[in-house]
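# Chain and residue survey
Below are the chains, spelled out letter by letter.
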Amino acid sequence: MREFVQKYYGEVLEQTGDLKTNACCTFEAAPEYVTAALAEIHDDVRARYYGCGLVLPDALQDCRILDLGCGSGRDCYLLSKLVGPDGEIVGVDMTEAQLAVAERYREYHSARFGYPKPNVRFYHGYIEKLDALPLKPDSFEIVVSNCVLNLSEDKEAVLAGAYRALKTGGELYFADVYADRRVPAEVANDPVLYGECLGGALYWNDFVELAKRAGFLDPRLITDRPIEITDPRIQEAAQGVQFFAATYRLFKLPGLEAACEDYGQTATYTGSIPYLPERFTLDKHHQFETGQALPVCGNTFDMLHGSRFRAHFDLHGDKSHHRGIFPDCGTTLPFDASGVATPGGCC
Ligand SMILES: C[S@@+](CC[C@H](N)C(=O)[O-])C[C@H]1O[C@@H](n2cnc3c(N)ncnc32)[C@H](O)[C@@H]1O
């Protein structure tokens, strides 16, 4: 499948409109500052964008970010703008034609953003083999990836590599395609369905288990949407499997617990993250209004306390008094066909 995927993204597809499904498309409404940054990205780079979500977490100033499967570099350049001249972006991809487009516009974007030198670099390589690239372990605040994990035949190695690359307190923030059940072999082995990001999609609960095995102990869903398959041939081949595009954030915090435990801790957002004066969204179940103390579980507390978000929160309490589990802290289906998250994520 690897050769097929390389050919698909390097030769068969020339632009977003060549895709046969809307799996590798992004429909999320972007905030104004993102739309403004997008307008600065070169048309050739944008034309070969095949991502399925917005992989732009908040509080990016000066961050070092690794993009797994960066393609033509659209997200790398967006991130380049948002981290500022003192941040750094590294993109990795295995398809030379895509990387060539990305590489061609390094100087262009650096000049466009007014930076003294480019803060983006690209490596040709495999995301399962990050160790083969000159990347130091524990050196990135954030790893992003946009519609790529499903294409990998060794997803465990990709997650393990992302974990190694991250600093403690860093996060893997990524968009991908998931299925509501394990994908039947006929779907998984169909090269076009695979190339279109459906065949290799993980059943969501297998993904959660895999993420935990890699050390990401409490995966948090950010957004999700059902994927519409309009092509009758692909619809028939999909055999009733419902696919979703979803964005998750996975913190590298070795101390997280298996469930959301209640210690009576609270978190208050100060409103100080750039572009977010009113509220901050940690995940689909946690939105913090500026100035309002919210009861949080031990894991949520640790995510805020142990990450770059610490500077933007007043955090109260410790773990000396356990009050039991937060109600509804289960592992029910996190997204449904209406695109609305079902209750039961956590807290
Ligand atoms: C659906 S496209 C997404 C590209 C890019 N993230 C974007 O949003 O435009 C998938 C990309 O992942 C790359 N890719 C797939 N499997 C890979 C692997 N094992 N190692 C490195 N790159 C890979 C492909 O070459 C392709 O550029």
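Calculation notes
Residues numbered from 1 in each chain as written. Predicted model: local features only at pLDDT ≥ 70, side-chain atom pairs only at ≥ 80, totals over all residues. Heavy atoms only, no water. Near = heavy atom within 4 Å. Polar contact = N/O pair within 3.5 Å; in protein donor to acceptor, adjacent residues only side chain to side chain. Areas by Shrake-Rupley, 256 points an atom, 1.4 Å probe, with all protein chains shown as cover. Nonpolar A, V, L, I, M, F, W, Y, C, P; charged D, E, K, R; others polar. Core = buried A, V, L, I, M, F, W, Y, C linked by side-chain atoms within 4.5 Å. Buried < 20%, exposed > 50% of the residue type's maximum accessible area, 1.4 Å probe, protein only. Helix = DSSP H or I, 4+ residues; strand = E, 2+ residues; numbered from the N terminus. Contact = heavy atoms within 4.5 Å. Pairing = 2+ DSSP bridges. 1 Å grid on protein atoms, 1.4 Å probe; cavity = no way out; pocket = protein on both sides within 12 Å on 5 of 7 lines; lining within 4 Å. Points joined across faces, edges and corners; volume = space filled by probe spheres on them. Salt bridge = Lys/Arg side-chain N within 4 Å of Asp/Glu carboxyl O.

## Digging into the site of the ligand
The environment of the ligand is formed by 21 residues, the closest being Y50, G69, D93, T95 and E128. One of the backbone nitrogen or oxygen atoms of I127 is found 3.1 Å away from a nitrogen atom of the ligand. Between a nitrogen atom of the ligand and a side-chain N or O atom of E128, the distance comes to 2.9 Å. Taken by itself the ligand offers 590 Å² of open surface, and the protein chains cover 99% of this. For the shell around the ligand, the class distribution of residues is 11 nonpolar, 6 polar and 4 charged.

## Overview of the nonpolar core
Membership of the largest hydrophobic core comes to 58 residues, with the highest contact counts inside it found for I65, F122, V177 and F243. Among the elements that take part in this core, helix 4 (residues 74–83) stands out by supplying 6 residues, more than any other. Sequence-distant contacts of F243, that is, excluding residues within four places in its chain, are made with V177, Y178, A179, V183, V187, L198, A201, R225, P226, I227, I229 and A238. Core analysis: the next-biggest nonpolar cluster, separate from the first, contains 35 residues, I127, A165, A211 and Y248 among them.

## Some points on the pairing of strand 9 (residues 265–269)
Of all the 5 residues making up strand 9, 4 are buried; the element is thus mostly covered by neighbouring parts of the structure. Where strand 9 lies against strand 12 (residues 293–296), 4 bridges are found, and the strand directions are antiparallel. Residue pairing for strand 12: A267 is matched across the bridge by L294. The pairing of strand 9 with strand 13 (residues 313–316) spans 4 bridges and is antiparallel. When the sheet's bridge partners are listed, T266 is paired in strand 13 with H316.

## Things to note about empty space enclosed by the protein
In this structure the tally under the stated criterion is 2 cavities of 30 Å³ or more. Its boundaries defined by the atoms lining it, the largest cavity holds a volume of some 50 Å³. Lining the largest cavity, in full, are L68, S145, L149, V158, L159, L172 and F174. For the lining of the largest cavity, the elements supplying multiple residues, two or more each, are helix 7 (155–165) and strand 5 (166–179). Counted by class, the lining of the largest cavity contains 6 nonpolar, 1 polar and no charged residues. The volume enclosed by the second largest cavity comes to roughly 30 Å³. The wall of the second largest cavity is formed by Y77, S80, R106, H109, S110, Y115, P118, N119 and V120. Mapped by element, the contributors of at least two residues to the lining of the second largest cavity are helix 4 and helix 6 (106–113). Here the lining of the second largest cavity takes 3 residues from helix 6, the largest share from any one element.

## Observations regarding the pattern of salt bridges
Applying the stated criterion across every chain, the model contains 22 salt bridges. Note that E171 is salt-bridged to R308, the shortest N-O span being 2.8 Å. You can see E171 sitting in strand 5 and its partner R308 sitting in the loop between helix 12 (298–305) and strand 13, a full 137 residues away along the chain. When its relative accessible area of 19% is taken as the criterion, R308 is described as buried. Among the salt bridges present, the one from R181 reaches D180, with a minimum N-O distance of 3.0 Å. By relative accessible area, which is 38% here, R181 ends up partly exposed.

Without other data, these values stay purely geometric and don't point to any function.
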